[in-house]
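Each chain, written out:
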Amino acid sequence: MIELETLYKASRPHVFSIAYRMLGSITEAEDVVQELFLHLHESDMENIRDMKAYLTKMTTNRCLNVLKSARKRREVYPGPWLPEPQVSPADQPLEKTLKTESISYAFLVLLEQLSPVERTVFVLREALGYNYIETAEILNKTEVNCRKIYSRAKRKIQNESVYPENTVQTTLLADTFLKAAATGDFEEFIKMLAEDIVLYSDGGGNVNSAINPIFSKKRVTAFLQGISAKGSFTGKLYPVLVNGETGILQEQDGHPVKIICFRWDTKQRNIQNIYFIVNPDKLQALQ
């Protein structure tokens, strides 16, 4: 038992990082971690030669099964499905943030375009640094097959940074939004939006949210001004780190009600996407 507890403490960050990147859900990733170590508790660990490789393979296979069933659930999800964000204080040292949350939120969103197998290969290669031989061994596929799957996935996700870019302009963006939300004047913030911006709002059917993505600068502007006038930004808003990049947390009566984060365009000049995570189920980790 002591040996398993030691293994759990040492290996949990690695196992969780794989599960979270694979699933885009803190809750589901935690479930995978718990199930995996429960399985180990009931197994003969003496026959496992390379524990890290074994844990990686077991985690990956479990996540593949979860992804296949989750894909069906997300097809009937009310409105856009967005990943569950990892949130930490805005004053946390960047080095620590990048070490623990080194995959950007926008990248997690784009991973939803991939099939479960494509996502697995892409995460193992791009986000976790496994080579093709290691990836093939984990998935019981040939190296050639993994190369083809990765190439196909790469074509679907172009020019997006895997890792967070917590730049000065991202902080400025958050500050500009905070001022706009406080005053109701979104003019300066609107200047930072791309003409073809898309806003996604995930309420999960639990709270009011835009059931469809909102396209174009004109419509996003009208949406933001409209919900602001209705008091959507009342309460306390302050900057936080969302998967390593500056975003915004909104609280009402001491409870988190909204996470807002952004994605720059490929030239890092204008905001291409805005994400509103308002589904209470995806804010539980912040309680």
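Predicted model, so just to flag it, every value in this text is computed and none were measured. (Residues numbered from 1 in each chain as written. Predicted model: local features only at pLDDT ≥ 70, side-chain atom pairs only at ≥ 80, totals over all residues. Heavy atoms only, no water.)

## Digging into the packing of aromatic side chains
Counted by the stated rule, this structure contains 15 aromatic pairs. With centroids separated by 5.5 Å and ring planes inclined at 20°, the aromatic side chains of Phe122 and Tyr150 adopt a geometry described as stacked. One end of the pair, Phe122, is in helix α6 (residues 116–127); the other, Tyr150, is in helix α8 (residues 143–156), and 28 residues separate them in sequence. Here Phe122 matches Tyr150 in class, with each residue buried. Between Tyr132 and Tyr150, the ring centres sit 6.0 Å apart and the planes meet at 80°, which makes this aromatic pair edge-to-face. (Phe/Tyr/Trp six-rings, centres within 6.5 Å; stacked < 30°, edge-to-face > 60°. Helix = DSSP H or I, 4+ residues; strand = E, 2+ residues; numbered from the N terminus. Buried < 20%, exposed > 50% of the residue type's maximum accessible area, 1.4 Å probe, protein only.)

## Digging into the sheet that holds strand β6 (residues 255–264)
Read from one edge to the other, the open sheet built from 7 strands follows the order β1-β4-β5-β6-β7-β2-β3, with strand pairing classed as mixed. At either margin of the open sheet sits one strand with a lone partner, and together these are β1 (87–89) and β3 (214–215). Two strands pair when backbone bridges link them, and strand β2 (residues 193–202) and β3 are joined in this way by 2 bridges, in the antiparallel orientation. Each residue of the ladder has a partner; that of Val198, found in β3, is Phe215. (Pairing = 2+ DSSP bridges.)

## A look at the pairing of strand β4 (residues 236–242)
Pairing geometry for β1 and β4, over 3 bridges, is antiparallel. Looking at the pairing, Val87 lines up with Val242 of β4. Examined bridge by bridge, β4 and strand β5 (residues 245–252) share 7 bridges and lie antiparallel to one another. Note on β5: the bridge partner recorded for Val240 is Gly247. What sits between the antiparallel neighbours β4 and β5 is a turn of 2 residues, in which Asn243 has the positive phi angle 50°.

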